[in-house]
Each structure stands twice: as C-alpha cells, then as structure tokens.
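Residue-level listing of the chains:
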Amino acid sequence: MTATEFCCHNESDVLRRVIIGSWEGYRQSEFYIEKVNAVQEQMAAPARDLLKDELEGFKSVLESMGVEVLVPRPVGKIVYDQLTPRDIGVVIGDRFVLCNMRKQSRRYECVGIFDLIMHYDLSEPNILIPPADCFIEGGDVIVDKQTIYIGISERTNRQAVEFIRKNFGDRFRVVPITLAASTEENLYLHLDCVFNPVGKRHALIHAPGIQEVPAQLSGDYELIEISAAEQAALCTNVLSLSHEVVISRDHDECARVNAELRKICSVIELPFNAVPLTGGSLRCSSLPLQRKKILTA
C-alpha cells in the first residue's frame, strides 16, 4: 500500500491517514447559516475557542498514535461549517465516493478537501461521483467484513443503495438498513448514530433507531446495546484506530459504554462536547482515507 492509495476495507483496521474537522471559518457569516438538524435548532452554537481546543486535542491524540492527520482548507463564508467531514466522502475498498449532500449548505463543503486528495490517483474509477438523484452521506456508510452497510435515512436515499450495489456489489455484500424516524429526544441522523462496529467481533447498536435490524448484524457481531440516553450522547459515534484501540467521548452518559468497550479493547477518552452540539461526534469528525488492511473476515 502506497501513500497515494485509498484503502478502507474494515471499520477497525489500523488507521493510517485521516481528514478531521476544521473549526476555522465556523459560522463566519450569519447569512449562510442553515440549521440542518434538530440539535442545531435546539442548542446554542458551540464557541469557536472550545471547538479549536477539542479538535486540536483530537489531532494531537491521533498523531501520538501514529496517524497522519489532514485538515480541510477553509472554503469561505458560504460554507459555514466544516466540523464533520465524514459525510462529504467515503473510502470503500480502494475507491473514494464523493458524496452528494442533501442539505444545500453542505454541497460545497467538499471543496475544502480537494487539495488533500489531489495527490491520489484520481483516474476513474478511483473517484466515483453519484448521479444527481442519488443522495448519500458518509455517516450512512459503514464498511466492515466484506460488507457495506448503508443507512437509508433523512440524508441517504434508496438510489444510493443501488449506486453502491452497482459499483461495489461484485466485491462486497451490500446490506441496506432503514433508520427509524428521529424523535424529539433522539436524532437518528445517520447510520453511525445507531450502529458502529468495534474490535474484532463487536458492534455498538441502538436498535430502536433502526426500523428492522438485519439478521446479518446478530450473525456477524456480538451486539452491545445502547440506551436512548446514551444514543442521544452519541455513544455509538466512536472512532476505531484499530481493533485494539478506540477513541470515545469523555462524557457522563458515555461512562457505561466506555466500560463495556474496555472489555474488548483499549479506550482513549477525549473531552469532546463542542462538535456534538452540532449533531456529530468523533466518527463524524473524521474521514479515513487509508487503513492498513488486516481483518479479512
């Protein structure tokens, strides 16, 4: 594997290179702000100083673990939020899918990462661009154990399932998962808000956030159930550095989940309270470009 190859085959393969969120330019112009989910409508916007401290702390932890960390270039005031790059693209196998965002304010967010991926081999089919009617966001895509789990949600539609199946179905099993409707207490914005593989054979899950849990999940994983309060605190939204190490949120509502995770891997708890005020946490704030392929089953 070279430095110019995209590579993501499993959620918990060793993380080598990642793009994380940028606090610079956040809410630079009130005119362009679009509140894109219920959390943003109900909560006060996080302070830039806190965003800076937490994202720089995230970067430092990743670098201390040997991960190369990249940060998007600020696009300018027309893109008011670059905190959660997970949604704007996703690496599946050795190809990069440039996501088609449903929300207007996020459609040009990808411009900030162009400089970071230009040194990769950009010839087709290494970069895939979905058709106009195909809405897909990276938080709804989880690649693990030769399977692509794709959430059908407020942001990702059924056309995305067909797009993924057409382009990857010869190499991966494609399993659609329809999310439940969000409630006043719980926001089921993306698949990774209700389901996330960790370690070798475990996964965090908030089953009420899924209309019908596929049989494959209980067959492939030992499931760790997440309560409604834990889901609201985005306890599923951890970032795996390998099958032995995860980064999780240091928060009272995450304490039980972190204790369960410690039974199967090491847990790095990180203060991370600002970005969740916008609806995302550690997985949302990271876009892996390269993981060292280890697990094959």
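All values derive from a computational prediction rather than experimental measurement.

Draft legend 1. Main features of a negative patch on the surface. Where like charges cluster on the molecular surface, the negative patch consists of E24, D49, D53 and E56. Of note, E56 is situated in helix α2 (residues 48-64). Judged by its relative accessible area of 39%, E56 is partly exposed.

Draft legend 2. The arrangement of the pairing of strand β9 (residues 195-198) in detail. Of the two faces of β9, the one holding F195 and P197 and the one holding N196 and V198 are both buried throughout. Here β9 folds back onto strand β10 (residues 202-205) in antiparallel fashion, the turn holding 3 residues, of which G199 has a positive phi close to 65°.

Draft legend 3. Inspection of the environment of R256 at higher detail. Among the secondary structure elements, R256 is positioned in helix α7 (residues 255-261). For R256 and E185, which are 71 residues apart along the polypeptide, the C-alpha to C-alpha distance reads 20 Å. Aside from chain neighbours lying at most four places away, what touches R256 is E225, I226 and E230.

Draft legend 4. How the structure looks around empty space enclosed by the protein. Inspection of every chain in the model, using the stated rule, returns 3 cavities of 30 Å³ or more. Each pocket or cavity is described by its volume, and for the second largest cavity that value is around 130 Å³. What lines the second largest cavity is a set of 13 residues, and nearest its centre among them are C8, E11, R86, V91 and R283. Those elements giving two or more residues to the lining of the second largest cavity turn out to be β3 (89-92), β6 (141-144) and β15 (286-292). Of the residues in the lining of the second largest cavity, the class split is 8 nonpolar, 1 polar and 4 charged.

Draft legend 5. Structural view of the packing of aromatic side chains. Under the defined criterion, the tally for this structure stands at 6 aromatic pairs. With a centroid separation of 5.9 Å and an interplanar angle of 70°, the aromatic rings of F195 and Y221 are classed as edge-to-face. Of the two residues, F195 sits in strand β9 while Y221 sits in the loop between α5 (215-220) and β11 (222-225), which places them 26 residues apart along the sequence. You can call Y221 buried: its relative accessible area is 3%. These aromatic residues form a ring-pair network of at least three members: Y149, F195 and Y221. Residue placement shows R95 over the ring face of F168; its charged tip is 4.6 Å from the ring centre.

Draft legend 6. Structural context of α2. Taking 1.5 Å of rise per residue, 17 residues should cover 24 Å, and α2 covers 24 Å from first to last C-alpha, within 8% of that figure. For α2, the complete set of buried residues consists of L51, E54, L55, F58, V61 and L62. The buried side chains of α2 occupy one side of the element, clustering within an arc of 120° when seen end-on. What points out from α2, more than 90 degrees from its buried face, is the exposed set D49, D53 and S64. As for α2, its buried residues are in contact with β1 (14-20), β2 (68-70), β12 (239-240), β13 (245-249), β14 (266-270) and β15. G66 occupies a position one or two residues after α2 and carries a positive phi of about 85°.

Draft legend 7. Representation of helix α4 (residues 158-168) within the structure. Among all positions of α4, only A160, V161, F163, I164, N167 and F168 are buried. The arc that holds the buried residues of α4, viewed along the axis, is 165°, so those residues lie on one side. Residues of α4 that are exposed and angled more than 90 degrees away from the buried face: R158 and K166.

Draft legend 8. View of the sheet that holds β12. Strand order in the open sheet formed by 3 strands is β12-β13-β14, and the pairing between neighbours is mixed. What marks the edges here is a single partner per strand, and that holds for β12 and β14. Taken together, the 5 bridges between β13 and β14 define a ladder with parallel strand orientation. Within the sheet, the bridge partner assigned to V245 lies in β14 and is S266. Sitting on the sheet, α2 touches β12, β13 and β14, and the angle it makes with β14 is about 155°.

The rules behind these values
- Residues numbered from 1 in each chain as written.
- Predicted model: local features only at pLDDT ≥ 70, side-chain atom pairs only at ≥ 80, totals over all residues.
- Heavy atoms only, no water.
- Patch = residues over 30% accessible without salt bridge, like charges linked within 9 Å, V, L, I, M, F, W, Y side chains within 5 Å.
- Areas by Shrake-Rupley, 256 points an atom, 1.4 Å probe, with all protein chains shown as cover.
- Salt bridge = Lys/Arg side-chain N within 4 Å of Asp/Glu carboxyl O.
- Lys, Arg positive; Asp, Glu negative; His and termini not counted.
- Charge placed at Lys NZ, Arg CZ, Asp CG, Glu CD.
- Helix = DSSP H or I, 4+ residues; strand = E, 2+ residues; numbered from the N terminus.
- Buried < 20%, exposed > 50% of the residue type's maximum accessible area, 1.4 Å probe, protein only.
- Pairing = 2+ DSSP bridges.
- Contact = heavy atoms within 4.5 Å.
- 1 Å grid on protein atoms, 1.4 Å probe; cavity = no way out; pocket = protein on both sides within 12 Å on 5 of 7 lines; lining within 4 Å.
- Points joined across faces, edges and corners; volume = space filled by probe spheres on them.
- Nonpolar A, V, L, I, M, F, W, Y, C, P; charged D, E, K, R; others polar.
- Phe/Tyr/Trp six-rings, centres within 6.5 Å; stacked < 30°, edge-to-face > 60°.
- Lys NZ or Arg CZ within 6 Å of the ring centre and 35° of its normal.
- Expected span 1.5 Å × (residues − 1).
- Arc of directions from axis to C-beta.
- Axes fitted to C-alpha atoms, helices over the stretch in contact; angles between N-to-C directions.

Structural measurements only, silent on function.
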